[in-house]
Amino acid sequence: QVQLVESGGGLVQPGGSLRLSCAASGSFLSVYAMAWYRRAPGKQRELVATIASGDSTNYADSVKGRFTISRDNAKNTASLQMNSLKPEDPAVYYCMFAVTSEGCIEGLEVWGRGTLVAVSS
C-alpha cells in the first residue's frame, strides 16, 4: 500500500510564491515518475508538471518558467516550487507517483488527496 500526502498549500498574493511537497508512505518497489496536477472549481484536472526517473521535466505552458518540479529519490518526495503566482493558478493541487508496487504492478498511479492553493489580494 502506498499513500501520498501533499503539504505547503495556502493563500498568497498575486506574484507570491509557494512550495508544495509530496511525501510517500507505505510500501512500493520504485517510482517511475512523479507529477503535479491541479483542478480548479468547475474544471477538469489538468497536468501541471512531470518529472521522470531520468529527471527530465515537462511543464504546462501556463506555468512554464514560473513553476519548478523536483524530486528526491532517496526520500521518495516530490516538490513543486511555484513563483509569480497568478490569479488563474488557484486550485487544488495533487501529486501523483507512478510506481511499481510490491505486487509487481508497473505504472500504478498513486494520488494524494490534494492541497489548496489560493491567490488573492
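Above this text sits the structure in question.
Quick caveat: nothing in here was measured; it's all calculated off a predicted structure.

Lay out the overall build of the chain with the relevant residues and their values.
Scanning the chain from terminus to terminus reveals 0 helices and 11 strands. Its C-alpha radius of gyration of 14 Å places the chain within 12% of the 14 Å reference for a compact globule of 121 residues. For the C-alpha atoms alone, the extent of the chain along its principal axes is close to 50 × 25 × 25 Å. Counting every position in the chain, which comprises 121 residues, the buried fraction comes to 39%. Total accessible area on the chain stands at roughly 6,700 Å², and carbon and sulfur atoms take up 47% of it. With 11 positive and 10 negative side-chain charges, the chain shows a spacing of 6 Å between the two charge centroids.

Please set out the pattern of salt bridges residue by residue, giving values where relevant.
Throughout the structure, instances matching the rule amount to 4 salt bridges. Here Lys 64 makes a salt bridge to Asp 61, at a shortest N to O gap of 3.4 Å. Residue Asp 61 is classed as exposed on the basis of its relative accessible area, which comes to 67%. With its nearest N and O atoms 2.8 Å apart, the salt bridge here joins Asp 89 to Arg 66. Of the two residues, Asp 89 sits in the loop between strand S8 (77-82) and strand S9 (91-100) while Arg 66 sits in the loop between strand S6 (57-59) and strand S7 (67-72), which places them 23 residues apart along the sequence. Comparing Asp 89 with Arg 66 shows no difference in burial state: the two are buried. Three or more residues are tied together by salt bridges with common partners; here these are Arg 38, Glu 46, Arg 66 and Asp 89.

Go over the environment of Ser 62, please, and point to the residues and values.
Considering the arrangement of structural elements, one finds Ser 62 in the loop between S6 and S7. Sequence separation between Ser 62 and Leu 11 is 51 residues, and the spatial gap between their C-alpha atoms is 20 Å. A distance of 3.4 Å separates polar atoms of two side chains, one belonging to Ser 62 and the other to Arg 38.

Rules used throughout
- Residues numbered from 1 in each chain as written.
- Predicted model: local features only at pLDDT ≥ 70, side-chain atom pairs only at ≥ 80, totals over all residues.
- Heavy atoms only, no water.
- Helix = DSSP H or I, 4+ residues; strand = E, 2+ residues; numbered from the N terminus.
- Rg over C-alpha atoms; globule rule 2.2 N^0.38 Å.
- Buried < 20%, exposed > 50% of the residue type's maximum accessible area, 1.4 Å probe, protein only.
- Areas by Shrake-Rupley, 256 points an atom, 1.4 Å probe, with all protein chains shown as cover.
- Lys, Arg positive; Asp, Glu negative; His and termini not counted.
- Charge placed at Lys NZ, Arg CZ, Asp CG, Glu CD.
- Salt bridge = Lys/Arg side-chain N within 4 Å of Asp/Glu carboxyl O.
- Polar contact = N/O pair within 3.5 Å; in protein donor to acceptor, adjacent residues only side chain to side chain.

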